[in-house]
Amino acid sequence: MFGYRNLGFGGYTSRSPNDGVSYRIDGVGDHLTMPDSNDWDWASDFSIDCWIYPDANTATDDAIFSHAADGDNRFHCIFKSNVSTNWNIGVRATTSATGHFENNTTGEPVAEGVWSHIEVTRTGTTIKIFVNGVEEVSASITGTIGNIAALFEVGEGSNSGALPLSGYIDEFRISDTARHTSGFTPETEQYADDGNTLALIHCGEAIVSGTTGSGATFVESSSNGRTVTEVAGAIRESTIVKF
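Residues numbered from 1 in each chain as written. Predicted model: local features only at pLDDT ≥ 70, side-chain atom pairs only at ≥ 80, totals over all residues. Heavy atoms only, no water.

Caption draft 1: Quick look at the pattern of salt bridges. The final tally for this structure, using the stated rule, is eight salt bridges. In this structure, aspartate 49 engages arginine 173 in a salt bridge whose closest nitrogen and oxygen atoms are separated by 3.1 Å. Within this pair, whereas aspartate 49 is found in strand S5 (residues 46-54), its partner arginine 173 is found in strand S15 (residues 166-175), the two being separated by 124 residues in sequence. Since its relative accessible area comes to 0%, aspartate 49 is described here as buried. Where salt bridges share partners, they join Asp61, Lys80, Arg92 and Glu102 into one cluster. (Salt bridge = Lys/Arg side-chain N within 4 Å of Asp/Glu carboxyl O. Helix = DSSP H or I, 4+ residues; strand = E, 2+ residues; numbered from the N terminus. Buried < 20%, exposed > 50% of the residue type's maximum accessible area, 1.4 Å probe, protein only.)

Structure below.
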């Protein structure tokens, strides 16, 4: 039997595999946060993936996600160099061995004005970046990424030297395993929570407090039930959506 979900727009929609909601991040401080957690263990296997829609105001160093206390204690994924409306993305991390790890895609695989699936994984000492299921980066990382005491940010890197994103984000997930180790076909509907899911933001979860666009809070869809907080003017979007 179908239920109904309050999307925070003052209306309801039937519960289905897709909720028709994304988040608009405007490049001027908008982002989402989750509390710090011991689950954010970047020294072990993990994957972080989402759908991203950069717009014409996207700029170098715009953050897709960031977990950072400062520029010397950070792990984040950012936009890098571009050719016209196509972008490279990169991963930066502080490690105990090298002090600084960075690896970027080449060939500008992320286009403005369309949805692209981004996945960053770690398996053992290998960091990989996938764009739309294509393995774009495979690099070795030595040493450990330290225990970072900071909020986890989606669409911003306020403590890491990164910039706020300008665009849209949908279906953001953190897992305690590498979801993929080789090329794959991205999912065509929202993810289901499973035993490896640490956090899962569908973007259409019921609002717990406030109003979207003005610092609303909601509980993400994994069994961990973490509180997600809108910051600045981060707002739900029902026109430019992936799911």
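Caption draft 2: Region of the structure containing the side chain of glutamate 112. For glutamate 112, the location among the structural elements is in the loop between strand S10 (110-111) and strand S11 (116-123). Aside from chain neighbours lying at most four places away, what touches glutamate 112 is Pro54, Asp55, Ala56, Ser84, Thr85 and Trp87. (Contact = heavy atoms within 4.5 Å.)

Caption draft 3: Geometry of the nonpolar core. Counting residues in each nonpolar core, the largest one holds 46 residues, and the members touching the most others are Trp42, Phe75, Phe152 and Ile174. Beyond its immediate sequence surroundings of up to four residues, phenylalanine 152 is in contact with Leu32, Thr33, Met34, Trp40, Trp42, Ile48, Phe65, Ser66, His67, Phe172 and Ile174. Trp51, Tyr53, Trp115 and Phe243 belong to the second-largest nonpolar core, a separate cluster that totals five residues. (Core = buried A, V, L, I, M, F, W, Y, C linked by side-chain atoms within 4.5 Å.)

Caption draft 4: The arrangement of the environment of alanine 68 in detail. Mapped onto the secondary structure, alanine 68 falls in strand S6 (residues 63-70). Taking the C-alpha atoms as reference points, alanine 68 and glutamate 136, 68 residues apart in sequence, are found 24 Å from one another. Apart from residues no more than four positions distant in its own chain, alanine 68 is found in contact with Asn73, Arg74, Ile148, Ala150, Leu151, Asn159 and Ser160.

Caption draft 5: Up close: unusual backbone geometry. In this structure, serine 84 is a non-glycine residue whose phi angle is positive, near 60°. Tracing the backbone through its elements, the reader meets serine 84 in the loop between strand S7 (73-83) and strand S8 (86-93). Overall, serine 84 belongs to the exposed group, its relative accessible area being 58%. Of note, alanine 232 is a non-glycine position whose phi angle comes to about 55°, a positive value.

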